[in-house]
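Chain by chain, the residues:
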Amino acid sequence: MSLTKYQFRAQFRCTNDSCRKTYPLHQVIYSCESCGELLNVEHDIDSLKQVSASEWKSEFESRFRSSQFPNASGVWGKKEWVLPGISDENIITSGEGTSHLYDASRFAKDLGLANLYVKQCGVSHTGSFKDLGMTVLVSQVKQMIADGVPIQAVACASTGDTSAALASYAAKAGIPSIILLPANKVSTAQLIQPVANGALVLALETDFDGCMAVVKELTKEKSIYLANSMNSLRIEGQKTISVEITQQLGWKVPDWIVIPGGNLGNVSALGMGFEMMYELGLIDNYPRIILAQAKNASPLYESFKSGFADFSPVTAEKTLASAIQIGDPVSVKKAIRILKKFNGIVEVATEEELANAAARGDLYGLYNDPHTGVALAALLKSVESGVVKKGESVVVISTANGLKFTEFKLAFHEGKIPNIDEKLKNRIQSCKPNFGGVMEILGKQLKKP
């Protein structure tokens, strides 16, 4: 079907219910000028409702994994729900989205679940889910520049994956990028990505929260555009994960979604994706959400224990899950709103729990980064406690490619992470260079029939 006859619109709107001020998407703005709260991208739902739920499903099915620009992207195949006003010529895409939903059926059986899937968001151009939001943000910046907005560069604070995505998409668009990283707290694979893409990379002797404070000051200069997730354009790309998961499950909603959380933009994004599908009639129920945090950086967990009565930032301690080592998440209010609406919970994982869970998942054919390890650990604890019940269906969000965390995997199997489960270690064994030497080891390892 052709959607060109419809006029779909979107704008920024303040998330404060007592304010609700609106701003055009081409304005350089990240929080409300009146009350200071973060913004959301608000879509004209009435115009979207001119297309029926069955027609949206059919349209999205026809575009999925298309070879045609821009629908080869899982994000831009849902353009009307993301940035309906952008010109195709300004879309900067690297084929993000359309990642596979890994069917961990043997793992599910061992846990007593009906189904367990892992959404492999790290199977993308730069190796993380951040590509989904960055294609939207950088495309909008390119549109703004084409419309005469004097933006000279894009900038972000990052624990690794955001910087890789921004540097790559900005380089593709021909826009200079500025990256602020916490010194000595980013994996080598993550660090070299923005360097290779030509970004200006600055290592600050602080943590992520310190970098975030500096980049907020830096981007008060309107010629430098903020690319962190407090910019709600990022959320628009990431919310398509929800639509993709539901589509891949035959337009059925799982009982649970498990999401690792740091700056907390992703949980609000996925929630907004489900909200949009519900409002437009594509689904008739919501999943429950488990927000998983590393225990060493778990301010939202502390708030959850008090029923979200209050929230206090913390100084995040070092964690193997470095991308979520954040003590003062900028999207906390958005995340709490979604968790309340979706009857969600917050769970934590210690360092040994996340490492063990990542390794355990690998034995079912996965190759988990430590952040997915946090999500899997939270799931295992929730199954054990009975919060996630036998026979339920679960989708775990894997946010990054395990290949970006080779040092983490080596450290585990070489026994360099304290208090891990020794049974999960798999050391490389030295062997004599002959048949007899191989058979000697096989005789010890293989069980007799």
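Chains are numbered independently. Their residues run from 1 in the order of the written sequence. In view of the model being predicted, local features appear only for residues whose pLDDT reaches at least 70, and side-chain atom pairs are presented and counted only at 80 or more, with totals across whole chains, interfaces and linings using the full set of residues. Side-chain figures throughout are based on the complete set of non-hydrogen atoms in the structure, without hydrogens or water.

Peer 1: Would you mind showing me how to read the UniProt feature "modified residue: N6-(pyridoxal phosphate)lysine" (unreviewed entry) in the protein here?
Peer 2: If you check UniProt for "modified residue: N6-(pyridoxal phosphate)lysine" (unreviewed entry), the listed places come out as Lys130 in our numbering. Structurally, lysine 130 is set in helix H4 (residues 130–146). Working rule for contacts: check all heavy atoms of both residues, and any pair within 4.5 Å makes them a contact. Beyond its immediate chain neighbours, meaning those up to four positions away, lysine 130 contacts Asp161, Thr162, Ala165 and Arg234. UniProt positions are given in the numbering used here, feature names are shortened, and annotations may be inferred rather than shown by experiment. Helix and strand definitions here come from DSSP, where helices need a minimum of 4 consecutive H or I residues and strands a minimum of 2 consecutive E residues; each element is numbered from the N-terminal end.

Peer 1: Got a minute to help me understand the sheet that holds strand E5 (residues 115–120) in this structure?
Peer 2: What links the strands of a sheet is backbone hydrogen bonding, and the strands pair in either a parallel or an antiparallel sense. By this definition, two strands are paired if DSSP reports at least two bridges between them. An order of E4-E5-E13-E10-E11-E12 is seen for the six strands of this open sheet, with the pairing classed as mixed. Looking at which strands have only one partner, the edges of the open sheet turn out to be strand E4 (101–103) and strand E12 (345–349). Going from strand to strand, the sheet's axes swing by 25° on average, the running direction of each strand aside. With five bridges connecting them, strand E10 (residues 256–260) and strand E11 (residues 288–294) associate as parallel partners. The residue of E11 that forms the bridge with isoleucine 259 is leucine 291. Set on the sheet, helix H10 (residues 265–279) makes contact with E10, E11 and strand E13 (393–398); between it and E10 the angle comes to about 150°. Simply put, an axis is a line fit to the C-alpha atoms, just over the touching stretch for a helix, and the angle between two N-to-C directions goes from 0 to 180 degrees.

Peer 1: Can you help me understand the layout of surface pockets in this one?
Peer 2: One simple way to see leftover space: roll a probe sized like a water molecule over the atoms. Considered as a void within the structure, the largest pocket measures approximately 880 Å³ in volume. Secondary-structure elements contributing two or more residues to the lining of the largest pocket are strand E1 (10–14), strand E3 (39–43), H10 and helix H12 (332–341). At six residues, H12 tops the list of elements feeding residues into the lining of the largest pocket. Broken down by class, the residue content of the lining of the largest pocket amounts to 10 nonpolar, six polar and 13 charged. Each pocket or cavity is described by its volume, and for the second largest pocket that value is around 360 Å³. Top element by residues in the lining of the second largest pocket is helix H15 (residues 406–413). It accounts for three residues. Think of a 1 Å grid over the protein atoms and nothing else: a 1.4 Å probe that fits but is trapped marks a cavity, an open set flanked by protein within 12 Å on at least five of seven lines marks a pocket, and residues with an atom within 4 Å of a point count as lining. Grid points are joined across faces, edges and corners, and a volume is the space filled by probe spheres set on the points. Residues are grouped as follows: Ala, Val, Leu, Ile, Met, Phe, Trp, Tyr, Cys and Pro are nonpolar; Asp, Glu, Lys and Arg are charged; all remaining types, including Gly, are polar.

Peer 1: Is there a simple way to think about helix H14 (residues 370–385) in this case?
Peer 2: Since the α-helix packs 3.6 residues into each turn, any two residues three or four apart lie on the same face. Look at H14: 22 Å from first C-alpha to last across 16 residues, which is about the 22 Å you get at 1.5 Å a residue. In terms of residue burial, H14 counts as a mostly covered element, since 13 of its 16 residues are buried. Remark: glycine 386 follows H14 within two positions and exhibits a positive phi of approximately 90°. Helix span, as expected, comes to 1.5 Å for every residue beyond the first. Burial classes: relative accessible area under 20% of the type maximum marks a residue as buried, over 50% as exposed, and values in between as partly exposed (1.4 Å probe, protein chains only).

Peer 1: I would appreciate a short explanation of the packing of aromatic side chains in the present structure.
Peer 2: The description of an aromatic ring pair uses the distance of the two centres, along with the angle that the planes make with each other. Put simply, two rings from Phe, Tyr or Trp (the six-membered ring, in Trp's case) pair if the centres are within 6.5 Å, and we call them stacked under 30 degrees between planes, edge-to-face over 60, tilted for the rest. Counting across every chain of the model gives 11 aromatic pairs. Judged by centre distance (5.8 Å) and plane angle (45°), the rings of phenylalanine 8 and tryptophan 56 are tilted. Placement of phenylalanine 8 in the segment before E1 and of tryptophan 56 in helix H2 (residues 53–63) is noted, with a sequence separation of 48 residues between them. Tryptophan 56 shares its class with phenylalanine 8; the two are buried. Within the aromatic cluster, the residues linked to one another by ring pairs are Tyr6, Phe8, Trp56, Phe60 and Trp81. Charges are assigned to positions over rings by a cutoff of 6 Å between ring centre and Lys NZ or Arg CZ, combined with an angular limit of 35 degrees from the ring normal. Here lysine 78 stacks its cationic end above the ring of phenylalanine 60, 5.4 Å away from the centre of that ring.

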